[in-house]
Amino acid sequence: MATQDKTLENTQLKDIVSHAKEYGFVFPSSEIYDGMQAVYDYGQMGVELKNNIKQLWWKCMTQLNQNVVGLDAAIFMHPLTWKASGHIDSFNDPMIDNKDSKKRYRADVLIEEKAARLENEGNKEACDALLAEMGRLLEAEDLDGVRELIIREDIKCPVSGTTNWTEVRQFNLMFSTQVGSVAEDTSTIYLRPETAQGIFVNFLNVQKTGRMKVPFGIAQIGKAFRNEIVARQFIFRMREFEQMEMQFFVRPGTEMEWYNKWKETRKVWHEAIGIPAAKLRYHDHEKLAHYANAAVDIEYQFPFGFKEIEGIHSRTDFDLTQHQELSKKKQQYFDNDLNEEGKPYGNYIPYVIETSAGADRLFLMTLCNAYQEEEITEGDAVKTRTFLKFHPALAPVKAAILPLTKKDGLPEKATEIFNDLKFDFNMIYEERDSIGKRYTRQDLIGTPFCIAVDHQTLEDNTVTVRDRDSREQVRMPISELRTYIDKAVNFRSILEKLA
Ligand code: ATP
């Protein structure tokens with residue numbers, strides 16, 4: 001049974017990957033040179049979908065919350081930043097090599113995959129025990145213990161199928177490069193492995209210039225780079241990816257209240273974009289990072305199992321304290337309001353709650369969730385219809401304008417409609433092939449509405465609008481199109497659920 005499920009899961013992911021390539025969502029990077037592992041490019045449809053996801057996140061953070069503002073920090077940062085954050089000294093991942101296949105894996109990922117298999121087989125108790133033991137060993141930095149656990153659990157290399165493992169070693173995931181043009185003058189800098197530190201080092205700049213009062217947040221979207229050892233599962237784990245992070249600065253002692261609030265708010269966000277609640281779950285961390293006093297992942301049920309899409313971390317005052325120490329610049333906030341509450345005025349380093357989502361993982365989740373295959377009857381024939389059921393607000397193209405034929409003045413009329421609506425929506429105009437084929441093409445890229453212009457249009461200024469999901473058509477005046485489409489595709493319908 002488990003094997004059958006596995007095959008089904010693999011087929012689903014394989015179908016989604018090839019669909020993404022065939023219809024212009026995601027291409028392997030530098031494909032003409034045979035590609036680069038774990039690096040991908042977004043095509044003409046993919047970039048629209050990804051931009052919509054990022055814009056929606058941005059608006060939810062900065063437009064719905066008076067006390068959250070944005071930032072766009074540089075990718076390169078002073079090398080001491082990474083000393084302060086702990087990325088140079090303590091952010092090492094445990095890795096293990098298989099001597100037969102010569103493949104390298106993250107030891108914790110191998111164990112987590114085994115735990116997921118146990119859970120799928122209905123053995124939840126063994127799964128939890130395994131994760132708890134791994135947590136204990138990693139906490140104690142007992143790398144020999146981690147290796148023994150892998151051997152004891154009979155975890156095999158997926159490529160060679162053997163348990164011929166090396167010892168477990170620590171590996172730094174940061175990419176480094178040189179800055180400066182003359183050899184003697186160069187110094188090593190890093191491509192940022194997370195966007196958060198750009199926010200921390202600008203905490204006082206934003207607080208002072210924006211006259212922000214704690215509690216407040218700073219949101220940022222940007223690229224991050226990690227030299228991931230395991231490059232699998234399509235865009236789930238990439239070496240160059242994009243994060244959408246928000247650091248929320250709070251008074252010490254109030255952090256758990258805010259942690260719970262953001263934990264809840266972020267899960268509701270995923271549901272608001274159309275992800276079924278049953279496909280989302282929380283997963284508390286077994287091992288807390290050195291900076292955290294609470295941490296949870298929001299996981300989505302991908303075809304390859306429940307996996308992290310976003311992390312919510314209570315990071316204490318670790319980062320700001322570290323930056324204060326290394327930069328020798330005070331990172332304190334003066335809290336006037338403490339006096340009003342009868343407490344003395346206070347200078348303190350705020351505590352931080354972080355919400356950290358991967359734009360690419362949310363993209364993959366949205367694509368997996370949208371991918372539909374259904375059986376339909378056309379005349380006597382039964383066929384499989386594939387379509388992408390995106391939330392209309394996220395769909396790359398909102399409407400297609402389709403003249404029924406290429407003559408009789410229909411293209412001119414359709415172009416007129418297109419030229420009017422293009423100021424409001426991203427649309428496609430198409431007159432090649434039969435109308436049926438054109439509907440199919442729009443289904444495959446997830447366009448919510450197809451607007452057909454026919455001979456009746458010339459007489460009474462009405463068009464038919466076909467709905468992607470139900471395939472039903474309604475006739476309506478051209479003058480109503482804007483309102484009709486806008487109601488479905490406007491971010492407002494999602495924002496209202498979150499306000
Ligand atoms: P994982 O355990 O899967 O490696 P992580 O716990 O290291 O993830 P964080 O450091 O918390 O991830 O990063 C926050 C978010 O950034 C993740 O929830 C994920 O959506 C995204 N992310 C992290 N690493 C990658 C990657 N290599 N490729 C794509 N997205 C990533």
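Since the model is a prediction, treat every value here as computed from it, not as a measurement.

(A) Expanded view of the domain arrangement of the chain. Here the chain is partitioned into domain 1 (2–91 + 173–367), domain 2 (92–169) and domain 3 (393–498). A straight line from the C-alpha centre of domain 2 to that of domain 3 covers 52 Å.

(B) Structural detail: the site of the ligand. Among the 16 residues in the neighbourhood of the ligand, the closest are listed as Glu228, Arg237, Met238, Glu308 and Ile309. Take Glu228: an N or O atom from its side chain is 2.8 Å from a nitrogen atom of the ligand. With respect to the ligand, the backbone of Ile309 contributes an N or O atom lying 2.8 Å from an oxygen atom. Considered on its own, the ligand offers 590 Å² of accessible surface; in the complex 86% of this is hidden by protein. Looking at the shell around the ligand, the elements with two or more residues in it are strand 10 (240–250), strand 13 (305–316) and strand 16 (351–358). When residues of the shell around the ligand are assigned to their parent elements, the largest contribution, 5 residues, is made by strand 13. Within the shell around the ligand, the residues separate by chemical class into 4 nonpolar, 5 polar and 7 charged.

(C) Structural detail: a negative patch on the surface. Negative charge collects at one region of the surface, where Asp142, Asp144, Glu148 and Glu167 lie side by side. Tracing the sequence through the fold places Asp144 in helix 6 (residues 143–152). Overall, Asp144 belongs to the exposed group, its relative accessible area being 53%.

(D) Seen up close, the sheet that holds strand 3 (residues 68–71). As summarised here, the arrangement of the 7 strands in space is 3-9-10-16-13-12-11, forming an open sheet in which the pairing is mixed. Edge positions in the sheet fall to strand 3 and strand 11 (280–284), since each has one partner strand and no second. Strand after strand, the sheet turns through a mean of 25 degrees between neighbouring axes, direction not considered. Relative to strand 16, strand 10 runs antiparallel, the two sharing 8 bridges. When the sheet's bridge partners are listed, Val250 is paired in strand 16 with Tyr351.

(E) Inspection of the confidence of the model for the chain at higher detail. For the chain, per-residue confidence averages 92 on the pLDDT scale, and residues scoring 70 or more make up 96% of the total. Scored below 50 in pLDDT, residues 1–8 shows 0 contacts in the model against residues more than four places distant or in partner chains.

(F) Spotlight on the pattern of salt bridges. Throughout the structure, instances matching the rule amount to 37 salt bridges. Across the pair Lys114 and Glu153 runs a salt bridge whose closest N-O atoms are separated by 3.7 Å. Taken as a pair, Lys114 in helix 4 (residues 107–120) and Glu153 in the loop between helix 6 and strand 6 (169–172) lie far apart in primary sequence, 39 residues in all. Of the two residues, Lys114 and Glu153, neither departs from the other in class, the shared state being buried.

(G) Fine view of the packing of aromatic side chains. As enumerated under the stated definition, the model contains 18 aromatic pairs in all. On the numbers, 4.9 Å between centres and 90 degrees between planes, the contact of Tyr300 with Phe302 is edge-to-face. Grouping residues by exposure puts Tyr300 and Phe302 together as buried. Centre to centre, the rings of Phe302 and Phe304 are 5.0 Å apart; their planes meet at 0 degrees, and the pair counts as stacked.

(H) Looking closely at the sheet that holds strand 20 (residues 427–429). Taken in spatial order, the 5 strands make up an open sheet running 20-19-21-22-23, and their pairing is mixed. The sheet terminates laterally at strand 20 and strand 23 (473–477), the two strands that pair on one side only. Each adjacent strand pair in this sheet contributes to an overall mean axis angle of 25 degrees, direction not counted. Note: strand 19 (residues 399–403) against strand 20, 3 bridges, orientation parallel. When the sheet's bridge partners are listed, Ala400 is paired in strand 20 with Ile428.

(I) Helix 5 (residues 124–139), seen in detail. Given a rise of 1.5 Å per residue, 16 residues ought to cover 22 Å, and the 22 Å separating the end C-alpha atoms of helix 5 matches this to within 8%. Turning to helix 5, its buried residues are Cys127, Leu130, Leu131, Met134, Gly135, Leu137 and Leu138. In this structure, the buried residues of helix 5 make contact with strand 4 (92–97), helix 4, helix 6 and strand 11. Directly beyond the C-terminal end of helix 5, a positive phi value near 50 degrees is found at Glu141.

The rules behind these values
- Residues numbered from 1 in each chain as written.
- Predicted model: local features only at pLDDT ≥ 70, side-chain atom pairs only at ≥ 80, totals over all residues.
- Heavy atoms only, no water.
- Domains from an automatic or database assignment.
- Near = heavy atom within 4 Å.
- Polar contact = N/O pair within 3.5 Å; in protein donor to acceptor, adjacent residues only side chain to side chain.
- Areas by Shrake-Rupley, 256 points an atom, 1.4 Å probe, with all protein chains shown as cover.
- Helix = DSSP H or I, 4+ residues; strand = E, 2+ residues; numbered from the N terminus.
- Nonpolar A, V, L, I, M, F, W, Y, C, P; charged D, E, K, R; others polar.
- Patch = residues over 30% accessible without salt bridge, like charges linked within 9 Å, V, L, I, M, F, W, Y side chains within 5 Å.
- Salt bridge = Lys/Arg side-chain N within 4 Å of Asp/Glu carboxyl O.
- Lys, Arg positive; Asp, Glu negative; His and termini not counted.
- Charge placed at Lys NZ, Arg CZ, Asp CG, Glu CD.
- Buried < 20%, exposed > 50% of the residue type's maximum accessible area, 1.4 Å probe, protein only.
- Pairing = 2+ DSSP bridges.
- Axes fitted to C-alpha atoms, helices over the stretch in contact; angles between N-to-C directions.
- pLDDT = per-residue confidence, 0-100.
- Contact = heavy atoms within 4.5 Å.
- Phe/Tyr/Trp six-rings, centres within 6.5 Å; stacked < 30°, edge-to-face > 60°.
- Expected span 1.5 Å × (residues − 1).

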